[in-house]
Amino acid sequence: MQALRQEILPPSGVEFAACLKLTPSTQPVDPESLRDSVGRALFNVVVARSNLLRVFEVREEPAPISTQKEDERERRASVRKGTEAVEGEVEMDTSGEGFVNMGSAKSAGQNGIVHSPTVTRFYLIREHRLHGIVTGIEGVRIVTSLEDQLDRLLVSFKDAKIALLEWSDAVHDLITVSIHTYERAPQLMSMDTPLFRSELRADPLSRCAALSLPKDSLAILPFYQSQAELDLMEQESSQAKDVPYSPSFILELAVEVDERIRNVMDFVFLPGFNNPTIAVLFQHQQTWTGRLKEYKDTVSLFIFTLDLISRNYPVITAVEGLPYDCFSITPCSTALGGVAVLACNSIIYVDQSSRKVSLPVNGWPPRLSDMAMPTLTPQEQERELQLEGSHFAFVDDRTLFVILKDGTVYPVEIVVDGKTVSRLSMAAPVARTTIPALVRRAQEDHLFIGSMVGPSVLLRTARVEEELADEERRSPVDSMELDDEDDLYGTSAVTEQPSMNGTMNGIGTVSNKRTVVQLSLCDSIPAYGPIADMTFHWPRMGYIDRYVPELVAATGSGQLGGFTLFQRDLPARIKRKLHAIGGGRGMWSLPVRQAVKVNGSTYERPANPFHPENDSVIISTDANPSPGLSRIASRSAQSDITITTRIPGTTIGAAPFFQGTAILQVMINVTNVIRVLEPDGTERQIIKDWDGNVPRPKIRFCSISDPFVLIIRDDDSIGLFIGETERGKIRRKDMSPMGEKTSKYLAGSFFTDSSGVLQSYLNTEAPEGENVTSTLQAAMNAGNKSQWLILCRPQGVVEIWTLPKLSLVFSTTQLATLEPVFSDSYDPPAPSLPLDPPRKPQELDVEQILIAPLGESSPRPHLIVFLRSGLLALYEALPTPPPADPLPPSRTSTLLIKFVKVVSRAFDIQHIEEVEKSVLAEQKRISRLLIPFVTSPAPNQTFSGVFFTGDRPCWILSTDKGGVKVFPSGHSVVHAFTASSVWESKGDFLLYSEEGPGLLEWMPDIQLDGHLPSRSISRPRSYTHVVYDPSTSLIVAASSLQSKFASYDEDGNVVWEPDAVLRWMGGSITLSSVREEKLIRSLRYEFAPNEFVTCLDSVTLESMSTESGTKDFVAVGTTINRGEDLAVKGAVYIFEVVEVVADRTGPKAPHRWYKLKLHCREDAKGPVTALCGMDGYLVSSMGQKVFVRAFDLDERLVGVAFLDVGIYVTSLRAMKNLLVIGDTVKSIWFVAFQEDPFKLVVLAKDPSYVCITCADLFFADGRVSLVTGDEEGIVRMYEYDPNDPESKNGQQLLCRSEFNGQTEYRSSVLVARRKGADADIPQARLICGSIDGTLSSLTYIDENTSKTLHLLQGQLTRNVQHAFRIVPNDFVSRPLSKGILDGNLLATFEDLPITRQHEVTRQIGTERATVLKDWLALTGAW
């Protein structure tokens, strides 16, 4: 059996990060040019998790103008005079605080200069899915950095590889400088430490980098730092000039440095030394808590230098006797020197003279270590902190921030007495942030905290002065435990005080103030973290009689725990049906305002540019009855739709005109007509599109951008019109600069650029330069907006023309083949093709082309092109420097931009060849249009996007931290679309789908940064299991809690409690209604403090209480931990979700109320680690046994069969009477259950020893396979074939294929996949959730498609340039039978240019269209 594995969602969270200046935009700019810009880039943040690497740009921008201010101003209009807030005041919360003056809150710099408020945001600029696991990221500088002043990126991988990367502005991406591999080193060839984790470190002066290897070794990669070093090496090698590094080598610490260096725990480079200097933390004699009487202080810290020329490594500092629980070190600044060591119970400072200064954070250090401890104050003695999982970083020379595993930030000050550190002082916590995985200091005033279980945050550090007496008034940590996710990142309790620099009236005074560091949140990178478990449920998302599958995943951890809900399509709901307006051929919602007449002259009413007016007119059109019908409608006082005008004919396009005081309508009423309408629908002007007395061919497309109108006819000819604001009418525009009148164009549109990206560069040698604006409309928009016209000729030439004067500024032929990057070719206007013979449509013809802004906070222009073959490509417009060579004389100017492909999608489009243009064919025609829109689904949130109509409708959106995404809309077909604010909501859309016309809005709180639309339900706890109860449509979830440790006897009585803080895991299960998006607190079942849930499932068991004889129950398996002296026990619980009478007393009382009813609890002698339902029976594991039980009389479990299995059962899956058992040691067992007599029969098992984390049955086309995943991320497919001689008469399962999935998964869901609507028997599709947040799928492939895609995969592996030059040889199926294909690798075929697609498919003897069709049939989330 063959299958395709593809990633639906990449890993979530941040495990590694580097803050550096990577892109040219981070370089200092001229202050004069910065004055007119909208922001500046501060630095880059490169983050990675597993195989996902992302490059962000941190940009400082002016604070946006909030739309709430305008809404507040309108609200105050109804407030009684004298009670409103005065200028400079804002309203506080509703708790009675009243108003507070914000005049003193303005940002003031030095010398009292007031600066405009700014915000700091993340912007995603590149994302890569790699064929390897990232284990480290560092920023370095090489010789070429002296020229461009940019950093280079160093990335290490799990298979002991290091990639040196740099940013290429030509391709707007990272390119590989070199690859260094150590996978054949002796340390890796004989690896006996499977838990080894490599670390990458770089010297502060970029003299070298080091990668830790097994066997206590380091791979050293030296870099050249000056041109003198290169000139010296150039005499020895002719190629040294292009190589920025010298040969790397492996340093064995125990052999070449000191024989005592064993079991390395951490190492760092120290600043301030002439040669690279390394501090290494190691444990020569390993110990643990039970051996502290024999070996206690076993950790040592050695500091040695690297002489890269003579290869000498002298030890300059050796410190022994550190506590055994030390685990991390960080270097101090050069002003202080030394190293800070982080232990589980203390913080230690070690200077270069081997002097140690310790700071205990709880009562354990005196018991665990003989190291001298300082005298603590009574308040410090009461401190009980746990530093396991914490991280720390310096924010200045003497202030260290320690971030605990719950996100609490504690400042630690290094107190210096002269030149010697006297003590360490820890103050009260200043903030609570995300759960940390790393901490990086960026520049001098920013701190980046990455998290693997939740959002990663960027904090700003500010130094302020405070009174010393405020130290006692700091709020305790308990007061900062906030439930709301927005309040997780609280700032310091210290408030800023005005400072007079120690003087008052010119007389020096003694100040009782000190400088402290405060934290404030700048921005965050969203993430949901690991997927602990997942299930599907079917909510009703606003569609008519349609329930949409939604994946509910238990994600996050601790305070960042909760549920994440994923949907395949962008969820939206219908607010109302609007059958009266029709709109099967198009809908337009327009903001039109009445003009003001004064003394016979017409003036437009002034409008607020920061608060756009709502739409007031809706124009809709239908093709039936012939020749069509158009309607003009508006909203009545009762919020109903009132149709004011009906016009025969089909409208092609409509838009507001003359600054929104008129309507321009392009329509077909027997002939082509361009009409100018008054706001009330009356006709002001009409122009018939005739050639003399002969009507021209029908208009098939139009583009309107005040004051220009473009029409494209069926014969590919165009017409251009311009409006005269003074007269309020339109006229034809001269198109002679564009060529002869017979010029043909396939597609075109206008674009109004308000971002300033599109800048033209004049040719000074041309006979005439660019003329000034010649229309009143252009003069009014000059300085903030520019208008452009983009056209595509039949031969594939794309041209951009200036407006109002038609001057060619951009021309290219590379868009026709969808090249990754293209810019202006400086060609003159392309000649027209001969008219005879007539040209027929071709597959690669451009059907739609559009330049539209995409984005969230700062929309940027994007070029969107749709080909007739079904290919959709999106390009981002990026500025380029002026050309070095002069422009050709035929061009007066050029556009200083380039287009970089960011997204490429293929759609399976079926074209019906029409022999004749009949009325019936016109009514059945599906129009595929790219319609730009702007929506505001929530306050202070605005998206600029594009909707793609037709039979593959989708939303094209771009977010700040997620980049450009294409989301399906969930409809079968969409005929018309427009954004509408007629009902005074900026988040509404009018859409005509297969269900008719309706008013639509997105579901609230939708997150669009990921590859699937999602919603988050935050809960301050970790959920480990989640199941769906089909009888009540509720979610049952199990959570883990921290409880105080205690030791029990055989009877369950407490016999000992510790005198210090010790905790262990407890558990509970909870009912949750995802539709209400809130947890029903009263429906929680709490287990014992030492009992936690290990498995949870919804099972169908036999029951006498129903007519069918079966009922759905919730089965729970638990583990009871009684301490080290007694064996672990377990229990099995059977619950039923029952409906009870709801409490209707409250104002928000629910209509229905449910409760968990406990039917049965059965104790087990061992932990119950897995369970499932099978043919009305309950199958559960207990230690090394598997039991089959019947549920007798809905009150007790009766055992009917059992089986002795492996060591520890991790997975149980059943299908009919077949059972798959996964074990942590003895791999997988295939078992059958028989009822007469009751018996479990082992059919076959895997003889190898593999740690199975999840096992499933996978079936399709009458065949079945067993799919397993292990702790290394290897996916295996087994088959049961007794006829195969290798199976030894069916006793052994045959492993048919292995695939390196790169990450471990512990939860899976089997869903049905139907190839067609008439398919009776579905195929299986396996959805897997990984511990790093990856969501992947396994899809069955038939044999013919598998052969084609297997050949394609081989071609892509060998002939396509992969990211960072990491070839995916080690991450595809083993050559057993190549049963599993790599979806990530095959997905790159869509992104290739069309010419490369032809080359690749020609080598395997197939067609490009055939491969794309086979690939599209397999893609999709579920």
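The coordinates are above.
Since the model is a prediction, treat every value here as computed from it, not as a measurement. (Residues numbered from 1 in each chain as written. Predicted model: local features only at pLDDT ≥ 70, side-chain atom pairs only at ≥ 80, totals over all residues. Heavy atoms only, no water.)

A.B. asks: Quick question: what am I supposed to make of the pattern of salt bridges here?
C.D. replies: Close approach of charged atoms lets side chains of opposite charge pair. Throughout the structure, instances matching the rule amount to 58 salt bridges. A salt bridge links D148 to R152, with the nearest nitrogen and oxygen atoms 2.9 Å apart. Residue D148 is classed as partly exposed on the basis of its relative accessible area of 30%. A relative accessible area of 4% places R152 in the buried class. Where E876 meets R860, a salt bridge forms, and the shortest distance between an N and an O atom there is 3.3 Å. With E876 in strand 63 (residues 871–879) and R860 in strand 62 (residues 860–867), the pair connects residues that are 16 residues apart, well separated along the chain. A relative accessible area of 24% places R860 in the partly exposed class. Overlapping salt bridges bring together E15, R49, R197, E199, R201 and D266 as one network. (Salt bridge = Lys/Arg side-chain N within 4 Å of Asp/Glu carboxyl O. Buried < 20%, exposed > 50% of the residue type's maximum accessible area, 1.4 Å probe, protein only. Helix = DSSP H or I, 4+ residues; strand = E, 2+ residues; numbered from the N terminus.)

A.B. asks: Whenever I open this one, unusual backbone geometry confuses me. Can you help?
C.D. replies: Comment: phi is negative for the bulk of residues other than glycine, and the bulk of peptide bonds are trans. The linkage connecting N624 with the following residue, P625, adopts the cis geometry, with an omega of 5°. Looking at the secondary structure, you find P625 in the loop between strand 42 (617–622) and strand 43 (629–635). The step from D706 to P707 runs through a cis peptide bond, and the omega angle for that step is 10°. Tracing the backbone through its elements, the reader meets P707 in the loop between strand 51 (699–705) and strand 52 (708–713). With phi around 65°, K215 is a residue other than glycine that occupies positive phi space. Relative to the helices and strands, K215 resides in the loop between strand 13 (208–213) and strand 14 (217–222). Of note, E984 is a non-glycine position whose phi angle comes to about 60°, a positive value. Along the polypeptide, E984 turns up in the loop between strand 70 (974–980) and strand 71 (988–993).

A.B. asks: Would you explain a nonpolar patch on the surface in this entry?
C.D. replies: Residues I1207, Y1208, V1225 and Y1249 make up a contiguous nonpolar surface patch of about 410 Å² in total accessible area. Mapped onto the elements, Y1249 comes out in the loop between strand 91 (1238–1245) and strand 92 (1252–1260). (Patch = residues over 30% accessible without salt bridge, like charges linked within 9 Å, V, L, I, M, F, W, Y side chains within 5 Å. Areas by Shrake-Rupley, 256 points an atom, 1.4 Å probe, with all protein chains shown as cover.)

A.B. asks: What is the right way to look at the sheet that holds strand 86 (residues 1185–1192) in this model?
C.D. replies: Within a beta sheet, neighbouring strands are joined by backbone hydrogen bonds and run either parallel or antiparallel to one another. With antiparallel pairing, four strands are arranged side by side in an open sheet as 84-85-86-87. Each of the sheet's edge strands pairs with one partner strand only, and the pair in question is strand 84 (1171–1174) and strand 87 (1196–1204). Each adjacent strand pair in this sheet contributes to an overall mean axis angle of 30°, direction not counted. Bridge count between strand 85 (residues 1177–1182) and strand 86: five bridges; the pairing is antiparallel. Its bridge partner being in strand 86, S1180 is matched across the sheet by F1187. (Pairing = 2+ DSSP bridges. Axes fitted to C-alpha atoms, helices over the stretch in contact; angles between N-to-C directions.)

A.B. asks: Honestly, the side chain of T408 in this entry has me stumped. Any pointers?
C.D. replies: Within the secondary structure layout, T408 lies in strand 26 (residues 408–417). Reaching out from T408, the side chain makes a polar contact with the side chain of D406 at a distance of 3.2 Å. (Polar contact = N/O pair within 3.5 Å; in protein donor to acceptor, adjacent residues only side chain to side chain.)

A.B. asks: Whenever I open this one, the environment of P276 confuses me. Can you help?
C.D. replies: Summarising the element assignment, P276 is placed in the loop between strand 16 (264–270) and strand 17 (277–283). Using a relative accessible area of 3% as the deciding quantity, one classes P276 as buried. The contact partners of P276, leaving out residues within four places of it in the chain, are D203, R207, C208, F269, F304, T305, L306 and L308. (Contact = heavy atoms within 4.5 Å.)

A.B. asks: What is the right way to look at the pairing of strand 36 (residues 550–555) in this model?
C.D. replies: Strand residues, when the strand is regular, have side chains that alternate between the two faces of the sheet. Where burial is concerned, most of strand 36 is hidden: six out of the six residues are buried. Both faces of strand 36 are covered, namely the face carrying E550, V552 and A554 and the face carrying L551, A553 and T555. In terms of strand pairing, strand 35 (residues 531–537) meets strand 36 through six bridges, oriented antiparallel. Bridge assignment links H537 to a residue of strand 36, and that residue is E550. Here strand 36 pairs with strand 37 (residues 562–566) via five bridges, running antiparallel. Residue pairing for strand 37: A553 is matched across the bridge by T564. The hairpin turn running from strand 36 into strand 37, its antiparallel successor, is six residues long, and G556 in that turn takes a positive phi close to 75°.

A.B. asks: What is the right way to read the packing of helix 14 (residues 1394–1403) against helix 15 (residues 1408–1416) from this model?
C.D. replies: The description of two packed helices rests on the angle between their axes and on the distance between the axes. At a minimum axis distance of 9 Å, the contact between helix 14 and helix 15 shows a crossing angle of 95°. The orientation of helix 14 with respect to helix 15, classified from their angle, is roughly perpendicular. Where helix 14 approaches helix 15, its residues I1394, Q1397, H1398 and T1401 are matched on the opposing element by R1408, V1411 and L1412. Class assignment for the residues of the contact of helix 14 with helix 15 results in three nonpolar, three polar and one charged. (Parallel < 35°, antiparallel > 145°, perpendicular 65-115°, else oblique. Nonpolar A, V, L, I, M, F, W, Y, C, P; charged D, E, K, R; others polar.)

A.B. asks: Please explain empty space enclosed by the protein as it appears in this structure.
C.D. replies: Rolled over the atoms, a probe as big as a water molecule pinpoints where empty space is left. Per the stated rule, a full pass over the model turns up seven cavities of 30 Å³ or more. Looking at the largest cavity, its volume works out to about 70 Å³. Along the walls of the largest cavity sit 12 residues, with R5, E7, Q1302, D1382 and N1384 positioned nearest its centre. Among the secondary structure elements, those contributing two or more residues to the lining of the largest cavity are strand 1 (2–9) and strand 95 (1294–1300). Residues belonging to the lining of the largest cavity are distributed by class as follows: three nonpolar, six polar and three charged. (1 Å grid on protein atoms, 1.4 Å probe; cavity = no way out; pocket = protein on both sides within 12 Å on 5 of 7 lines; lining within 4 Å. Points joined across faces, edges and corners; volume = space filled by probe spheres on them.)

A.B. asks: I keep staring at the sheet that holds strand 23 (residues 356–360) and nothing clicks. Help me out?
C.D. replies: Strands sit in the order 20-21-22-23 across an open sheet of four strands; the sheet is antiparallel. The open sheet has two free edges, formed respectively by strand 20 (326–331) and strand 23, since each of these has just one partner strand. On average, adjacent strands in this sheet sit at an angle of 20° to one another, irrespective of strand direction. Two strands pair when backbone bridges link them, and strand 21 (residues 339–343) and strand 22 (residues 346–350) are joined in this way by four bridges, in the antiparallel orientation.

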